[in-house]
Amino acid sequence: MNLDFLSGEKKHKRHISKVAKVAAILLAILVTSSGMAVFMNSDASYGVKGVFQNIKHYISPQEEPSMNEQGSLSLEVTDWEKLDEGKNVVPTLYIPQYIPKDYTFSKCTFFKSEGIASNFYEFTKGEETLLVTVDTYNGSTDIYLSGEEYKSPYSDKEIYVEKTDGEYTATYVDESIYIRVVSTISNEENVKVIEGVEPSK
């Protein structure tokens, strides 16, 4: 599948260098100040362990999934750099590689219940919102599709598109995966978003 159209638009990338710099600064501070307090009140091995645990927790505190009364798991992530935490909920993390210009990541909600796992993304540009839903099913399921059938110019995908009350909706279903994009831009852009959805490596 040719995804050359992605090259001219914004792609989300991880920036490790900033985290490394913060880690180095925090390490110096903790070792020279609060870290010394730990050493004075503990044995050496516990002191070293405590300092590094504090650094790790401060730099990347990890959210824990919540479980409702029905036993369904959910987790909301608001930092793009921490999307991998969704793997604690869903078996496969699907990430949009293409997002229209000027839209920024707002949050992603991961959800898992019996037979279904969901990645629900929200991107914003001012008051405009772009929603990307990726559902995977354990086994076959019946899904009702509305709209007109549209063949993607980038692949052989058959995508259903429609416009209702100023909102454009594009939906793609194949075997056990369901991808739906809702925006106020155009279905042409929605189709690009669908084409760019890939499982995390």
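Residues numbered from 1 in each chain as written. Predicted model: local features only at pLDDT ≥ 70, side-chain atom pairs only at ≥ 80, totals over all residues. Heavy atoms only, no water.

## Focus on the overall build of the protein
Condition: A run of H or I in DSSP becomes a helix once it reaches four residues, and a run of E becomes a strand once it reaches two; helices and strands are each numbered from the N terminus. In this scheme, a residue with accessible area under 20% of its type's maximum is buried, one over 50% is exposed, and one in between is partly exposed, where area comes from a 1.4 Å probe on protein chains only. Accessible surface is estimated by sampling points in the Shrake-Rupley manner with a 1.4 Å probe; for residues, cover comes only from the protein chains shown.
Check the secondary structure of the protein and you find 4 helices and 11 strands. Across the 201 residues in the protein, those meeting the buried criterion constitute 35%. For the protein, the exposed area adds up to about 12300 Å²; of that, 50% sits on carbon and sulfur atoms.

## Notes on the pattern of salt bridges
The criterion, for reference: Here a salt bridge means any side-chain nitrogen of Lys or Arg lying within 4 Å of a carboxyl oxygen belonging to Asp or Glu.
Taken as a whole, this structure holds 4 salt bridges when the rule is applied. Its salt-bridge partner being Asp 84, residue Lys 87 comes within 4.0 Å of it at the nearest N-O pair. When its relative accessible area of 37% is taken as the criterion, Asp 84 is described as partly exposed. Measuring nitrogen to oxygen at the nearest pair gives 3.3 Å for the salt bridge that ties Glu 189 to Lys 192. Of this pair, Glu 189 and Lys 192 are both found in helix α4 (residues 187–195), 3 residues apart, which corresponds to roughly one turn of the helix. The burial state of Glu 189 is the same as that of Lys 192; both residues are buried.

## As for the packing of aromatic side chains
In this description, an aromatic ring pair is defined by two values, namely the gap between the centres and the angle between the planes. Definition in use: Aromatic rings from Phe, Tyr and Trp, with only the six-membered ring used for Trp, were paired whenever their centres fell within 6.5 Å, and each pair was classed as stacked if the ring planes differed by under 30 degrees, edge-to-face if by over 60, and tilted otherwise.
Per the counting criterion, the structure on display carries 5 aromatic pairs. Look at Trp 80 and Phe 123: their rings are 6.2 Å apart centre to centre, the planes differ by 55 degrees, and that puts the pair in the tilted class. Pair noted here: Trp 80 is in the loop between β2 (73–77) and β3 (94–96) and Phe 123 is in strand β5 (residues 116–125), with a separation of 43 residues, a long-range link. Judged by centre distance (6.1 Å) and plane angle (15 degrees), the rings of Tyr 121 and Phe 123 are stacked. In this structure Tyr 121 comes out as buried when scored by relative accessible area, which is 0%. Given the relative accessible area of 0%, Phe 123 is considered buried.

## Digging into unusual backbone geometry
At Asp 102, a position not held by glycine, the phi torsion is positive, near 75 degrees. Within the secondary structure, Asp 102 is located in the loop between β3 and β4 (104–113). Despite not being glycine, Glu 175 has its phi angle at roughly 55 degrees, a positive value. Here Glu 175 is to be found in the loop between β9 (167–174) and β10 (177–183). Judged by its relative accessible area of 75%, Glu 175 is exposed.

## Focus: α4
Applied cut-off: Here, residues are in contact when the closest pair of their heavy atoms is within 4.5 Å.
Counting buried positions along α4 gives 8 out of 9 residues, so the element sits mostly inside the fold. Those residues of α4 not exposed but buried are Asn 187, Glu 189, Asn 190, Val 191, Lys 192, Val 193, Ile 194 and Glu 195. Tucked inside the fold, the buried residues of α4 contact β6 (128–137), β7 (148–151), β8 (158–164), β9, β10 and β11 (197–199).

## Digging into the sheet that holds β4
To keep it simple, the criterion reads: Paired strands, as defined in this entry, are two strands with at least two bridges between them according to DSSP.
Strand order across the open sheet formed by 9 strands is β1-β2-β4-β5-β6-β10-β9-β8-β7, with antiparallel pairing between neighbours. Taken across any chain shown, the strands that pair with only one partner, and hence form the sheet edges, are β1 (66–67) and β7. As paired strands, β1 and β2 are joined by 2 bridges and run antiparallel to one another. From the neighbouring strand, Ser 66 faces β2, where its bridge partner is Ser 74.

## Side note on the pairing of β7
For β7 and β8, the ladder comprises 4 bridges, and the chain directions are antiparallel. The partner of Glu 149 across the bridge, within β8, is Tyr 160. The turn joining β7 and β8, which pair antiparallel and follow one another in sequence, is formed by 6 residues.

## Overview of the nonpolar core
Looking at soluble globular proteins, one finds that nonpolar side chains tend to be buried together. The criterion, for reference: Put simply, a nonpolar core is a bunch of buried Ala, Val, Leu, Ile, Met, Phe, Trp, Tyr and Cys residues held in one set by side-chain atoms that sit within 4.5 Å of each other.
One finds Leu 83, Phe 110, Tyr 121, Phe 123 and Val 132 to be the most contacted residues of the largest nonpolar core, which totals 32 residues. When neighbours within four sequence positions are excluded, Val 132 is seen to be in contact with Pro 96, Asn 119, Phe 120, Tyr 121, Phe 123, Arg 180, Val 181, Val 193 and Val 197.

## What about the confidence of the model for the protein?
Applicable threshold: Per-residue confidence from the predictor is reported as pLDDT, which spans 0 to 100.
Confidence in the prediction for the protein averages 79 pLDDT; 67% of positions are at 70 or higher. Confidence drops under pLDDT 50 across residues 10–20; counting only partners more than four residues distant or on other chains, this segment forms 19 contacts. Contacts of residues 29–59 to residues separated by more than four positions or lying in other chains number 21 contacts, the stretch itself having pLDDT below 50.

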